Amino acid sequence: MPEILDRARARVLADGAGLDEAGILEVLRLPDEDLPELLQLAHDVRMKWCGPEVEVEGIVSLKTGGCPEDCHFCSQSGLFTSPVRAVWLDIPSLVEAAKQTAATGATEFCIVAAVRGPDERLMAQMREGVKAIKEAVDIQVAASLGMLTQEQVDELVAMGVHRYNHNLETCRSYFANVVTTHSWEERWGTLKMVRDSGMEVCCGGILGLGESVEQRAEFAAQLAELDPHEVPLNFLNPRPGTPLGDRPVVEGKDALRAIAAFRLAMPRTILRYAGGREITLGDLGTRDGLLGGINAVIVGNYLTTLGRPATSDLELLQELKMPVKALSATL
Amino acid sequence: MYCDRCGQAATEGDHSACAAARELEPPRFCPDCRRRMKVQVVPTGWTATCVEHGVRHS
């Protein structure tokens, strides 16, 4: 067994302490022949420190496209020649989406907007939408609305938004290669306000943006320092018209190595499959990831692209004897 | 008729990559007039609206 896995077994599995950046990098550099052993260890860590339950979530875009920021992976930026047009979801459709999500057994419903940060129109939509969802559906409401002011953080808490997503997207040293219209530190500032408010922090990113293996390890270590409640792990799905539209997708084995490494960096976090898994991992790889550290999934479609049918994921969880986390366990 | 993913003429060029990508993407261009459509994706489906040719859905 590679020495790093012995150390991880002692530090992460036995003691629940995450690997440091150097250890994460060693894991990311393990050869393919060690991958099965690595995934098994990451799965053991997940089962010991998180349990067998899987948290299921649905997401929906309240405001699509027309974003003033230039995140190079995103088809919703108004600065690129992406075919995605700006559109708002009306409140009845938002509530219906929440109902459909709850019907899958999901406990989380995340409302997302493509903005730098919310303006008054968006906050008004959130006030109306969250109230309408809470009156009609038994589900936890999360939000992802970009960078916030303290007043907006306080208002989201008052609305009953229990978790806020704001991805760092990539490590600090690579961020300026991906986004130039705002800084990594600005994102960190919003995350700190969210943390201090009592809302759960959801923060992850995208692998395959052109970052090096060293930067992937740096990113995992920076997330571990933040200690988010949830880490959504996306894999780049190159979008036409974006600056990263011609990048290759992440190799399946590299994706699985990263899943395991992020789990060994953050043994207690909710590590969620998010966008891009369908093209990076396919059905078989999806299963391998669930047996290699993942303990949460986004079911159904994403914001501008489509996912596997929710039933496919739910059937897989049943086959793997991984129960869907109940709403009562999240309250 | 136009490819509803790239907006180019459906009868010109190879759109097999577009067809493959469309399995995990909603349409973006109206196949009748190649206008960009307003597309709303929700967890269980999508709707795409062309100002001239109306609404399509999954």
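Chains are numbered independently. Their residues run from 1 in the order of the written sequence. Throughout, the order in which chains and ligands are written sets their labels, letters from A for the former and numbers from 1 for the latter. In keeping with the model being predicted, local features are shown solely for residues with a pLDDT of at least 70 and side-chain atom pairs are shown and tallied solely at 80 or more, while totals for entire chains, interfaces and linings include all residues.

Undergrad: Please explain the overall build of chain A as it appears in this structure.
TA: Strands here are runs of E lasting at least two residues and helices are runs of H or I lasting at least four, both read from the DSSP assignment and numbered beginning at the N terminus. Looking only at helices and strands, one finds 12 helices and 10 strands in chain A. In summary, chain A has a C-alpha radius of gyration of 19 Å against a globular reference of 20 Å for 331 residues, a match within 12%. For chain A, buried positions account for 53% of its 331 residues. Residue pairs are scored as contacts if the distance between their C-beta atoms, which are placed from the backbone, is within 7 Å. Within chain A, contacts between residues separated by at least 24 positions form 80% of all contacts whose residues are at least 6 apart in sequence. In this description the radius of gyration comes from C-alpha coordinates, and the expected globular size is given by 2.2 Å times residues to the power 0.38. To sort residues by burial, count the other C-beta atoms lying within 10 Å of each one's C-beta; a count of 20 or more means buried, 12 or fewer means exposed, and anything in between means partly exposed. C-beta atoms are built from the backbone.

Undergrad: Would you mind showing me how to read the overall build of chain B here?
TA: Check the secondary structure of chain B and you find one helix and three strands. Starting at the N terminus, the α and β elements of chain B follow one another as α-β-β-β. Its C-alpha atoms give chain B a radius of gyration of 11 Å, within 12% of the compact-globule value 10 Å for 58 residues. By its C-alpha atoms, chain B is 30 × 25 × 10 Å across when sized along the principal axes.

Undergrad: Hey, could you run me through the environment of Arg216(A) in this one?
TA: Residues and elements named next belong to chain A. Locating Arg-216 in the fold gives a position in helix H8 (residues 213-226). In this structure Arg-216 comes out as buried when scored by C-beta crowding, with 26 C-beta atoms within 10 Å. Ignoring anything within four residues of it in the chain, the contact list for Arg-216 reads Leu-28, Leu-207, Glu-211 and Ala-258.

Undergrad: Can you help me understand the environment of Thr44(B) in this one?
TA: Relative to the helices and strands, Thr44(B) resides in the loop between strand E1 (38-42) and strand E2 (45-50). Spatially, the C-alpha atoms of Thr44(B) and Ser58(B) are 8.8 Å apart, while their sequence positions differ by 14 residues. Every residue in contact with Thr44(B), bar those within four places of it in the chain, is listed here: Gln100(A) and Gly300(A).

Undergrad: Please clarify how the pairing of strand E9 (residues 270-273) of chain A should be interpreted in this entry.
TA: Along a regular strand, successive side chains alternate from one face of the sheet to the other. All names here are of chain A. Of the two faces of E9, the one lined by Ile-270 and Arg-272 and the one lined by Leu-271 and Tyr-273 are each fully buried. Here strand E8 (residues 230-235) pairs with E9 via four bridges, running parallel. Within E9, the residue paired with Pro-232 across the bridge is Arg-272. The pairing of E9 with strand E10 (residues 296-298) spans two bridges and is classified as parallel. Bridge pairing in E10 places Arg-272 opposite Ala-296. Here, any two strands with at least 2 DSSP bridges between them count as paired.

Undergrad: Help me understand the UniProt feature "binding site: [2Fe-2S] cluster" (unreviewed entry) in chain A, please; the structure alone is not making it clear to me.
TA: Residue and element names in this part refer to chain A. UniProt positions are given in the numbering used here, feature names are shortened, and annotations may be inferred rather than shown by experiment. In the numbering adopted here, UniProt assigns the feature "binding site: [2Fe-2S] cluster" (unreviewed entry) to Cys-110, Cys-202 and Arg-272. What stands out for the annotated residues spanning 163 residues is how close their C-alpha atoms remain, the widest pair being 13.2 Å apart. Structurally, the position occupied by Cys-110 is in strand E3 (residues 108-113). In this structure Cys-110 touches Glu-57, Ile-59, Ala-142, Ala-143, Ser-144 and Asn-165, once residues within four positions along its chain are discounted. Along the chain, Arg-272 falls in strand E9. Owing to 22 C-beta atoms within 10 Å, Arg-272 belongs among the buried residues under this scheme. Beyond its immediate chain neighbours, meaning those up to four positions away, Arg-272 contacts Glu-230, Val-231, Pro-232, Leu-233, Ala-296, Val-297 and Ile-298.

Undergrad: Could you clarify how one ought to interpret the interface of chain B and chain A in this entry?
TA: Interface size is commonly expressed as the accessible surface area that is lost when the partners come together. Taken together, the contacts link 14 residues of chain B with 20 residues of chain A. Grouping the constituent residues of the side of chain B that touches chain A by class yields seven nonpolar, three polar and four charged. Three classes are used: nonpolar for Ala, Val, Leu, Ile, Met, Phe, Trp, Tyr, Cys and Pro, charged for Asp, Glu, Lys and Arg, and polar for all others, with Gly counted as polar.

Undergrad: I would appreciate a short explanation of helix H11 (residues 282-290) of chain A in the present structure.
TA: Two residues of an α-helix separated by three or four positions point the same way, owing to the 3.6 residues in each turn. Turning to H11(A), its buried residues number three or more, namely Thr286(A), Asp288(A), Gly289(A) and Leu290(A). On its buried face, H11(A) is in contact with helix H3 (35-49), helix H9 (252-265), E9, helix H10 (277-280) and helix H12 (310-319) of chain A.

Undergrad: Would you mind going over unusual backbone geometry with me for this structure?
TA: Only a minority of non-glycine residues have a phi that is not negative, and only a minority of peptide bonds are not trans. Residues and elements named next belong to chain A. In the Ramachandran plot, Glu-169 falls in the positive-phi region, its phi being about 75 degrees despite a non-glycine side chain. Structurally, Glu-169 can be placed in the loop between strand E5 (163-165) and helix H7 (184-197). Judged by the 23 C-beta atoms lying within 10 Å of it, Glu-169 falls in the buried class. Positioned with a positive phi, Asp-227 is a non-glycine residue whose angle comes to about 55 degrees. Along the chain, Asp-227 turns up in the loop between H8 and E8. On the basis of neighbour counts, which here come to 14 C-beta atoms within 10 Å, the residue Asp-227 falls in the partly exposed class.

Undergrad: Is there a simple way to think about the UniProt feature "binding site: [4Fe-4S] cluster" (unreviewed entry) in chain A in this case?
TA: Residue and element names in this part refer to chain A. Summarizing the sequence annotation, UniProt attributes the feature "binding site: [4Fe-4S] cluster" (unreviewed entry) to Cys-67, Cys-71 and Cys-74 in the numbering used throughout. Along the polypeptide, Cys-67 turns up in the loop between strand E1 (55-64) and strand E2 (87-88). Every residue in contact with Cys-67, bar those within four places of it in the chain, is listed here: Gln-76, Ser-77, Gly-78, Ala-114 and Val-115. Among the structural elements, Cys-71 can be located in the loop between E1 and E2. The residues contacting Cys-71, other than those within four sequence positions of it, are Ser-77, Glu-169, Val-178 and Val-179.

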